[in-house]
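# Structure assessment
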Amino acid sequence: MPTRRHLLATSAVLGCLAVFGPLPALAQDTGPITIGHLTPRTGFLGPLGEYAVMAADLAVEEINAAGGIGGRQIELIKEDSVNPQTASTKAERMIERDNVVAIVGEISSASALTIGQTTERAKKVFINTGANSDALRGADCKKHMFHVETQNAMYVNAEGQHLLNEGMVDGKTWYLLTADYAFGHDLLEGAKAFLERNNGSIAGDDLVPTDATDFSSYLLKIRDAKPDVVVTNLAGTQISSFLKQYDEFGLEPPVAGFGFDTALAWAAGPESFRGTWPTVWTHQVDTERSQAFVKAFTDKYGKPPENQAFGDYVAIHILKQAIEAVGTDGEAITAYLEDPSNTFDVMKNRPGYFNPDNHQLMQEVYTITALPADQATSEWDIFITSDPVPAADQEFETLIQDAVGGTCSFGE
Amino acid sequence: MNFFLFGAQLLNGLLDGFYYMLIALGLSLIFSLGGIVNLAHGAFYAIGAYLALVLTPYLSFFGVLIVVPLIVAGLGVVTERLLFTRFYRVDPLYSLLVTFGLAMVIEQGLRWWFGAPPQAYAMPDALKGQVFLGDFVYSRYRLFLIGMAVAAMVGVWLLLNRTSFGRIVRAGIQNPDILGAMGISLRPYLSAVAGIAIGLAGLAGVLMAPIYPIHPAMGAEIVTAAFVVVVIGGLGSFWGVVLAALLVGLVKGFMIAVDQSAMSMAAIYMLMFVVLLLRPRGLMGSRILRFE
């Protein structure tokens, strides 16, 4: 039975809550700005996730050292996204418990989708830094989801242009090897459409399970099919395995691919790395800001950053610019980001902006071409980076034409 | 279908099976003798690969090929003494948990020490190039790899079947208590077997380094398939493991040959499913009383 003492105690507690309750809210406007970072750190994308984390840490460190965002420090909450289900649970927790302003990260297209769904319900911004699937910018697009990572269509167009220039498409036969999950399927569809538009044909086409490590059977088939070009839509360490074994079996057709990460070229080594591949950025991009980033990263971690590091580094800076301009409200940040007149320094020749129709960051991309092993100048410089694509006189939008994956409507 | 290519694919699949065998043999040995399901076996394979990476500048590939398996075998003995020995007499679930934990500790340790990005290991010059058998092309390095795997297989077989050491181990697999009653302590044998088995994983790690990128999760990648091989082959059966490894390679090669590559890994699990339905102890599994 409630006694008077209980009642007093209860009202005292309630009184304290009433008095001190608003304090945390006040503190929020001067306390740290919390940003969630969610990316795979284990599994076959884990190696790339580590670069993402290192770069995000570096960006936050630099911003905080320079006084934070409007005087407020950034606090980065980092988690391993593991798989689509876990990614969604962790995103939920970051929003509900940690009250994050936005979530940055991801590499897997499947996990990016579940995070995007979670942030959409909470009306929080999610900046995808590594997932490429066109569907995320098409049928699965979200009002509060933005993409710093280039979408597959941009890679298909950039790499495709290179292949056209080299005469490797018209009247030629391709052998396609594709990772058997959303990212690969999406890329395969884009590659096939590209091949058809440009009068090429398919010599062979295999789906590779994501847990396959041995490519000898595929190499025998490729040798037998005698294609003009071998094109891969693989992901993660599979690309390095494939390149090492391609070299091991002494196959000759030129190799190209529509999806790539420079860390995988390094893992293949100067002797096995070959071909020309598309990328969003490399440590060789010759702008002042890129080189400053490369230096800061190398000083801190003892090795240069690769393209995934670029994505997370730039995403944090883009978020900083948006919060500085409009504050921490999810809707306000969304409105700011999707306005194409707001441009962002993405450490390249031209500034970038988000395409308002699909929230893709429009920016220059590059291709990298393997150097012969004896011309590599260091263990990192085993390739050369092309001039920006598209050329300075061309619109960014040429890069996203012929995207597969449906049309984006933001659920309207 | 191209008949020649089909044959080449089956042959390649068979050869592929030898890599599975290297890992699976060790797993089966530890499992048979001590009843420990060593989920950390793949992690020792990864340690072998990383040691190869670190030591090659000093010892060359062929030096590493001898030294690294010995180091990893030493780690295996230490692991047995400190860890496995506490779990021989309890529910296998505990050893499953502890070796799973160990696998994670090792994987994370490698990630912490070497970083997560995959690393390149150059193929030794002497083993570069291809061998042509008629129209069948094969990598010179893989022939070497298979030679090593066969040598390891023969070595283990001789040890188990032609030495007094092997007689005691085989007796220990069937009935450790009677062995104890006869005044033979199984302890040193358990340590030695763990050392040999884990050393084989280390050898596999060195052998794979030139053809796969080296990364912390490489052990987790291979251990599942190796388990499937052990389960298909049957507990306690040496030839069961060998047969199952070749069969798994063959099934995988067959699926890729008939343009069903997307199902090539799934087919291995299907094979396990069918074998377990028809022969719950595996293809050549003997009846081991204490596991019944």
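Residues numbered from 1 in each chain as written. Chains lettered and ligands numbered in written order. Predicted model: local features only at pLDDT ≥ 70, side-chain atom pairs only at ≥ 80, totals over all residues. Heavy atoms only, no water.

## Notes on a nonpolar patch on the surface
A contiguous nonpolar surface patch, about 560 Å² in accessible area, is contributed by Met 270, Phe 273, Val 274, Leu 277 and Leu 278 of chain B. Here Met 270 of chain B lies in helix H10 (residues 264-278). (Patch = residues over 30% accessible without salt bridge, like charges linked within 9 Å, V, L, I, M, F, W, Y side chains within 5 Å. Areas by Shrake-Rupley, 256 points an atom, 1.4 Å probe, with all protein chains shown as cover. Salt bridge = Lys/Arg side-chain N within 4 Å of Asp/Glu carboxyl O. Helix = DSSP H or I, 4+ residues; strand = E, 2+ residues; numbered from the N terminus.)

## Focus: the pattern of salt bridges
Residue and element names in this part refer to chain A. Going through the model one piece at a time under the given rule, you end up with 24 salt bridges over all chains. Its salt-bridge partner being Arg 97, residue Asp 98 comes within 3.2 Å of it at the nearest N-O pair. Its relative accessible area of 56% is what places Arg 97 among the exposed residues. One salt bridge in this structure joins Arg 197 and Asp 402, with 3.4 Å as the shortest N-O distance. (Buried < 20%, exposed > 50% of the residue type's maximum accessible area, 1.4 Å probe, protein only.)

## Some details on the domain arrangement of chain A
All names here are of chain A. Examined at the domain level, chain A breaks down into domain 1 (31-150 + 285-362) and domain 2 (153-279 + 366-400). Across the contact, 27 residues belong to domain 1 and 25 residues belong to domain 2. When domain 1 packs against domain 2, close to 2400 Å² is buried across both sides, 61% of that on carbon and sulfur atoms. Between the two partners, domain 1 and domain 2, sit 0 salt bridges. The tally of links from domain 1 across to domain 2 stands at 13 residue pairs in polar contact (both at pLDDT 80 or more). Breaking the side of domain 1 that touches domain 2 down by element, the ones donating at least two residues are helix H3 (46-65) and strand E12 (361-362). Among the elements that make up the side of domain 1 that touches domain 2, the one with the highest residue count is H3 (3 residues). Considered class by class, the residues forming the side of domain 1 that touches domain 2 number 12 nonpolar, 9 polar and 6 charged. (Domains from an automatic or database assignment. Contact = heavy atoms within 4.5 Å. Buried area = accessible area lost by both parts, 1.4 Å probe. Polar contact = N/O pair within 3.5 Å; in protein donor to acceptor, adjacent residues only side chain to side chain. Nonpolar A, V, L, I, M, F, W, Y, C, P; charged D, E, K, R; others polar.)

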